[in-house]
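# Coordinate inspection notes
Here is what each chain is made of, one letter per residue.
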Amino acid sequence: MDSVFEELYQKYHHDVFQFLFYMVRNKEHAEDLVQEVYIRVFKSYDRFEGKSSEKTWLFSIARNVAIDFFRKQKGWKEKILEKFDWSTNHVRDEYPIPEEITVQKEEIKWIYKCLEFCTMDQRAVIILRYLQDLSIAETAKALGWTESKVKTTQHRSLKILKKQMEMSYEKEGVTSEKVGVER
Amino acid sequence: MKKSEWSDRELEELLMQMPKIKDHRDPRDIYQNLSLKKRKTKTWLLPGLAVAAALLLFFILVPKMIDGTNFSYDSANEEKSSGNSQAMKSAEKDSTIAMKDQASIPNKSVSETNEKKMGLMSAASIKTAVYDEDVTDRKVLTYWIPDSQVQILVPVSIIVPAEKDKTWLTQFVDNMANLKEEEWGLSDYYPLKLSMNLDEKTNSVDVVVPDNHKYGQGSTEETSFIKTVNNDVFSNSTIKKLNFFTNKEAGIELGNTGRVKNHEIIEVKQHAFFFHFPEGSELPFLAPSIGTYKDINSAFEDMKTNNPTYRLNGSLEHLQPLSDVTVNGKTLFVSFKDIIDMKDDQLTVASFEALLLTAKQFGLEKVIVKESRLTHLGPFDLTKETKVPVAPNLRDIH
């Protein structure tokens, strides 16, 4: 095995994989994409100048890979159809929820579902800030943004999550009530 | 901890509790996949190039193929209607050859109706050689003219009124100046710069060249000179021998051969007739092969092929495949039953004439077509026997 690969794998593989998984919400896709990240890394490893840390550099590549993945997935036809077909907006999450999530408590499952409603950028900020525990500055570097943009995006995504969490609480309440009536 | 109101802090804590998702694959597998993928990205290159090459070929070939079908469409139309441009042009040209020729006959034998008939016939396709019925009481003269590259000799025939008080040689020499070699796409070679006298006692011709003659300069010059005179004399007479003189001295000085005094006439026989297309012409000359053949079958075999060196094209291409080729006495039997898409066009007529002329080269006098999908080919009635031509490549000199 390549020594560069071994080093990168040891240090960052699981972080990058986790980032990609929460971005695309599907393990198989994440597995494919992490390979793509390595390929891109090897291609441009010589050009890595060390301006940012290796970790933020890897995340920025991973984010681009994820964006490309979504672009490829949606051809222009689907994009147009989607605009007209409003019903699809509400049933977007077609992938199964992985076991790691299903064994968690209710709130974790909710928040995982709610993450679906965030945009790519918002999701990237959430993952980097809270799951990867990066600072505002590190996140800004990984995304190539200013720190204030990171802050506002973070604020907005929390707001969306909050709203969705409340909605799912209401739904949950309704269903449990229904169950109660049936009894 | 279900609740309807969430603070930022609580959400952040929840997010931090999100489970770690791990890639359970072996790093070695990942690395292997990686190198596979790397190779994969390169492997599309080859098929990609192949596809590009195929597309390129496709775009080169398709217009040609379309042209090709257009061509056959055209020629199919030609057969049906005479209103087609290209066919008309060549046919018109040919008809003028034939018609002028007819008009040039001062005799009463040619009436207006005959001329009209000729015109109608030529609108379809015409015969290019001279046949018995064309000659009547006139004189046919055949001149061997080098092609534009001076590689082969093409026999060209003209028909002139018979003059009883003139020998064939006098008429032959007299008409040399009237030939239109360049107009026909051949080399300007005539009139020859010499005088010829008939010696009837010895059945020979005296060829007298001036002191400053140029026929001995260079090997091509001298061979084509000897060959031309030989063939001219052979085609127009039964003379057996040439005697050469330079001014009044016997013999002719030829650069390579040295001094030549006499030349026994070499018969032009057992040659195959090929198509020779002069530059820009669609109507071929029928020109004999360079070499000779042991029998007519091997000649026919070779007549399917092209000889680009001498610009001799296969003349039987339009009559393929011939079957049941047999010789009985002085008659050639042949069958066209296997020629599926036999066309009644000018080139097929020319092919048939090449067959007739080649038959004549092997001492045959007539050709009988046993079976054919077409009963008529241009002016030929294939249900009847066809006599071999008197001379090839009839052209008009007026």
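For the structure given in this document, a descriptive report is provided here.

Calculation criteria
- Residues numbered from 1 in each chain as written.
- Chains lettered and ligands numbered in written order.
- Predicted model: local features only at pLDDT ≥ 70, side-chain atom pairs only at ≥ 80, totals over all residues.
- Heavy atoms only, no water.
- Core = buried A, V, L, I, M, F, W, Y, C linked by side-chain atoms within 4.5 Å.
- Buried < 20%, exposed > 50% of the residue type's maximum accessible area, 1.4 Å probe, protein only.
- Helix = DSSP H or I, 4+ residues; strand = E, 2+ residues; numbered from the N terminus.
- Domains from an automatic or database assignment.
- Contact = heavy atoms within 4.5 Å.
- Buried area = accessible area lost by both parts, 1.4 Å probe.
- Salt bridge = Lys/Arg side-chain N within 4 Å of Asp/Glu carboxyl O.
- Polar contact = N/O pair within 3.5 Å; in protein donor to acceptor, adjacent residues only side chain to side chain.
- Nonpolar A, V, L, I, M, F, W, Y, C, P; charged D, E, K, R; others polar.
- Pairing = 2+ DSSP bridges.
- Axes fitted to C-alpha atoms, helices over the stretch in contact; angles between N-to-C directions.

## Some points on the nonpolar core
One finds B:Tyr143, B:Phe225, B:Phe336 and B:Phe352 to be the most contacted residues of the largest nonpolar core, which totals 75 residues. No other element matches helix α10 (residues 346-361) of chain B, which puts eight residues into this core. Each of domain 1 (134-264) and domain 2 (273-387) of chain B accounts for three or more of the residues forming this core. Residues within four places of B:Phe225 in sequence aside, it is in contact with B:Tyr189, B:Leu194, B:Val209, B:Tyr215, B:Phe244 and B:Ile252. A:Ile108, A:Val150, B:Leu14 and B:Ile30 belong to the second-largest nonpolar core, a separate cluster that totals 61 residues.

## A few points about the interface of chain A and chain B
At the junction of the two partners, chain A supplies 40 residues and chain B supplies 30 residues. Summing both sides of the interface, chain A and chain B together bury roughly 3,600 Å²; the carbon and sulfur share of this comes to 68%. The largest per-residue losses of area from chain A upon contact with chain B belong to A:Gln35, A:Glu107 and A:Tyr130, which jointly make up 16% of the total buried on that side. Our count for the contact surface shared by chain A and chain B stands at one salt bridge. Two residues, A:Lys162 and B:Asp8, come together in a salt bridge whose shortest N-O distance is 3.2 Å. Applying the counting criterion to the chain A and chain B interface returns eight residue pairs in polar contact (both at pLDDT 80 or more). Among the elements of the structure, α1 (3-24), α2 (27-44), α5 (99-102), α6 (106-115), α7 (120-131) and α9 (147-182) of chain A are those that each provide at least two residues to the side of chain A that touches chain B. Tallying contributions element by element places α2(A) first for the side of chain A that touches chain B, with nine residues. Within the side of chain A that touches chain B, the residues separate by chemical class into 23 nonpolar, six polar and 11 charged.

## Topic: the sheet that holds strand β13 (residues 331-335) of chain B
Whether parallel or antiparallel, the strands of a sheet pair through hydrogen bonds between backbone atoms. Residue and element names in this part refer to chain B. Pairing is mixed in the open sheet, where four strands are placed in the order β12-β13-β14-β17. Edge positions in the open sheet fall to β12 (323-328) and β17 (386-387), since each of these has one partner strand only. Where β13 and strand β14 (residues 366-369) come together, four bridges link them in parallel fashion. Bridge pairing in β14 links Phe-333 to Ile-368. Of the strands in this sheet, β13, β14 and β17 are in contact with α10, which crosses β14 at around 135°.

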